[in-house]
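Tertiary structure, described
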Amino acid sequence: MTLRKTLIVWLILTAAHLSAQDRLRPITVNLIAEPRTVQILPGDSTSVWSYTGSSEGGGRQSLGFLPNSHLGPTISAMQGQQIKIKLTNQLDQPTVTHWHGLDVPADMDGHPAYAFPTGESYSYSFTISNRAGTYWYHPHPDMATADQVQMGLAGFFIVHDRNELALNLPSGAADLPLCIQDRTFDSANQFVFNPSMMHGFFGSLVCVNGQPNYVQNVGSRVHRLRLLNGSTSRIYKLAFSDGTPMVIIGNDGGLLATPNTKPYLMLSPGERAEVWADFRGKPLNSEIILQSLSFSGAGMNQGAALDVMTFKIVQQVTDNRSLPANLSSIPAYNLWEAVNASNPKSYPITQANGHYVINGASFSMEYVANNEVARCGTLEVISVSNPQGMMHIAHPIHFHGRQFQILDRTVVPSSVANWNTVKDGYNDSGWKDTFMLMPGETVRILVRHGKNPGLFNYHCHNLVHEDMGMMRNFRLNP
Ligand code: C2O
Ligand code: CU
Ligand code: CU
């Protein structure tokens, strides 16, 4: 080998070695939850609450910043990487942060019992065991989660792993985290939060990454959209205005086994989906609107048709990539493997004292009912039902720390007509941590409990319902 060739080989090997090491070096992040003033609309600036962040030491590129956004920094990490996050509370009220979708120890999970006061900090530290996926973080204090999220506290938490990186999916400017939230502004451009106890909050403007009328300039190539419904209550039925197919490649818990093309995608609060958005062949300056289509029977204010955001083709590029036929491997759970196969846990949604409850009672900080206890590592079947009562409302149901499989959905005959307006958009394959439950519907899930013992939450992710007590604990015993 010539000296020059040797040198080049040495450089390549060293670079590959360094980047692999760099990716797994522990990450240290400082987050501050604090009030800020930002320009969102023309005219007066808006008071928001933001996570502001910085990183220290290793973990190069572990923090990304959404352009021109008051949402929190995007935390990126590799599966297996260790992360330390010091959160300082500069709000005028207690807070605590939950890493939605990640499997972490009980005292790292943002249970409301760990809310801490103004001026103090909490040090989170955990190793990321989750597979590659689009996770997120947001506050979780008892009875104040909706207010704090609505004020702007939320951010993406993106995990990569080796299998996913090997697929070479669109990256860089073609990998777009998009957080959808509805807001209302008053005449002085300040946020208005005026929820109804039964239905929740419905804003008059849809924002993406904190901005209304969001326009994303793109090249005519394939994009990986990481869609997050970060709204307090609003459910979206997403489709592209020009008929670009909704090719779904990922879910709450990361890549599906194989891509799945749907006529539209239902995304209820807390849920995520990754979409292979193929803009090849679109003419220069054309605009593609991501719309929410109408649907019925999910509750008052739900299901209005609206525009979410616009993609504008500003550059013609060639892009020869092809959609991988296989995205990841997902072992299927079987009902007969569940320790309670013949006796599913049953958590119906009912009403008590004028608001919704799950499993019979409102949230209380430490209380766990007999049917909310499980052993670490066991596979269980859980049935969550939304019987037709006085009110017909859809609820997004979320379990902390778990990625589960949807076993089946059933619906009572009187609800079928409404259910038919959403069912083709359920993104139920792969791993889920949150699912939408229509009135009259029952969903059975297969859940493998994790190795971390302790107290965790499950709840409705309509954050107004959560704050009203539509939340419970489950306890994992070693
Ligand atoms: Cu994103 Cu307890 O939830
Ligand atoms: Cu969660
Ligand atoms: Cu609810």
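Residues numbered from 1 in each chain as written. Chains lettered and ligands numbered in written order. Predicted model: local features only at pLDDT ≥ 70, side-chain atom pairs only at ≥ 80, totals over all residues. Heavy atoms only, no water.

Here the focus is the overall build of the protein chain. Per the secondary structure count, the protein chain includes five helices and 32 strands. Taken against the 2.2 N^0.38 rule, which gives 23 Å for 478 residues, the C-alpha radius of gyration of the protein chain at 22 Å falls within 12% of a compact globule. Overall, the C-alpha framework of the protein chain stretches about 80 × 50 × 50 Å when taken along its three principal axes. Looking at the protein chain residue by residue over its 478 residues, the buried ones come to 57%. Of all intrachain contacts in the protein chain linking residues separated by at least 6 positions in sequence, the fraction that spans at least 24 positions is 78%. Here the protein chain carries 33 positive and 35 negative side-chain charges, and the mean point of each set is 9 Å from the other. (Helix = DSSP H or I, 4+ residues; strand = E, 2+ residues; numbered from the N terminus. Rg over C-alpha atoms; globule rule 2.2 N^0.38 Å. Buried < 20%, exposed > 50% of the residue type's maximum accessible area, 1.4 Å probe, protein only. Contact = heavy atoms within 4.5 Å. Lys, Arg positive; Asp, Glu negative; His and termini not counted. Charge placed at Lys NZ, Arg CZ, Asp CG, Glu CD.)

Glancing now at the coordination of the copper ion (ligand 3). The protein atoms that coordinate the copper ion (ligand 3) are His395 (ND1), Cys460 (SG) and His465 (ND1), at distances of 2.0 to 2.1 Å. In terms of primary sequence, the donors binding the copper ion (ligand 3) are separated according to H-x64-C-x4-H. Pair noted here: His395 is in strand 27 (residues 395-399) and Cys460 is in strand 31 (residues 454-460), with a separation of 65 residues, a long-range link. You can call His395 buried: its relative accessible area is 1%. (Donors = N, O, S within 2.8 Å, 3.2 Å for Na, K, Ca; no water.)

Time to look at the pairing of strand 21 (residues 287-292). Side chains Ile288, Leu290 and Ser292 of strand 21 all project onto a buried face; the interleaved residues Glu287, Ile289 and Gln291 project onto a face where none is buried. The pairing of strand 21 with strand 22 (residues 306-315) spans six bridges and is classified as antiparallel. Looking across to strand 22, one finds that Glu287 is bridged to Lys312. (Pairing = 2+ DSSP bridges.)

A positive phi angle, near 65°, is found at Asn189, a position not held by glycine. Checked against the element boundaries, Asn189 lands in the loop between strand 10 (175-185) and strand 11 (191-192). The backbone of Asn213 sits at a positive phi, close to 50°, despite the residue not being glycine. You can see Asn213 is positioned in the loop between strand 13 (211-212) and strand 14 (214-219).

Per the domain assignment, the segments making up the protein chain are domain 1 (18-163), domain 2 (172-315) and domain 3 (335-477). The gap between the C-alpha centroids of domain 1 and domain 3 is 26 Å. Contacts between domain 1 and domain 3 engage 26 residues on the former and 25 residues on the latter. Here domain 1 meets domain 3 over a buried area of about 1900 Å², counting both sides, of which 55% is carbon and sulfur. At the surface where domain 1 touches domain 3, the tally comes to one salt bridge. Of the charged contacts, one joins Arg402 and Asp103 as a salt bridge, the two residues approaching to 3.3 Å between their closest N and O atoms. There are 19 residue pairs in polar contact (both at pLDDT 80 or more) connecting domain 1 and domain 3. Counting only elements with at least two residues in the side of domain 1 that touches domain 3, the list comes to strand 6 (97-100), strand 8 (133-139) and helix 2 (145-150). Take the side of domain 1 that touches domain 3: its biggest share by element is four residues, from helix 2. (Domains from an automatic or database assignment. Buried area = accessible area lost by both parts, 1.4 Å probe. Salt bridge = Lys/Arg side-chain N within 4 Å of Asp/Glu carboxyl O. Polar contact = N/O pair within 3.5 Å; in protein donor to acceptor, adjacent residues only side chain to side chain.)

Take the coordination of the copper ion (ligand 2) next. Protein coordination at the copper ion (ligand 2) comes from His98 (NE2) and His398 (NE2), with a distance range of 1.8 Å. Of this pair, His98 sits in strand 6 while His398 sits in strand 27, and the two are 300 residues apart along the sequence. Taking the relative accessible area as the measure of exposure, His98 reaches 0% and is therefore buried. His398 gets classed as buried once you look at its relative accessible area, which sits at 0%.

Now for the pattern of salt bridges. Oppositely charged side chains can form a pair if their charged atoms are brought close together. Within the structure shown, the criterion is met by 20 salt bridges. As a salt-bridge pair, Arg409 and Glu441 come within 3.0 Å of each other at their nearest N and O atoms. Note that Arg409 is positioned in strand 28 (residues 405-411) and Glu441 in strand 30 (residues 441-448), a separation of 32 residues in sequence. On the basis of relative accessible area, Arg409 is assigned to the buried category, the value being 15%. Each of Glu164, Asp175, Arg224, Arg226 and Glu274 takes part in a single network of salt bridges with overlapping partners.

Bringing the side chain of His223 into the picture now. Secondary-structure assignment places His223 in strand 15 (residues 222-229). For His223, the side chain forms a polar contact with the main-chain oxygen of Arg221, separated by 3.2 Å. Beyond its immediate chain neighbours, meaning those up to four positions away, His223 contacts Pro170, Ala173, Ala174, Leu176, Val218, Val275, Trp276, Ala277 and Phe279.

What follows covers the sheet that holds strand 23 (residues 345-352). Spatially, five strands are ordered 24-23-26-30-28 in an open sheet, and the strand pairing comes out mixed. Whereas interior strands pair on both sides, the edge strands pair on one side only; in this sheet they are strand 24 (355-358) and strand 28. The average undirected angle you get between the axes of adjacent strands in this sheet is 20°. Pairing analysis gives six bridges linking strand 28 to strand 30, with the strands arranged antiparallel. Looking across to strand 30, one finds that Gln405 is bridged to Leu446. (Axes fitted to C-alpha atoms, helices over the stretch in contact; angles between N-to-C directions.)

Turning next to the state of the cysteines. Evaluation of the coordinates by the stated rule reveals zero disulfides. In this model Cys207 remains outside any disulfide bridge; the closest cysteine sulfur is found in Cys179, 9.6 Å from its own. Here Cys207 falls in the buried class, since its relative accessible area comes to 1%. (Disulfide = S-S within 2.5 Å.)

Across the two faces of strand 29 (residues 434-437) the burial is the same, with Thr434 and Met436 and Phe435 and Leu437 all buried. Of the strand pairs in this sheet, strand 27 and strand 29 are connected by four bridges, and their pairing is antiparallel. Bridge pairing in strand 29 links Pro396 to Met436.

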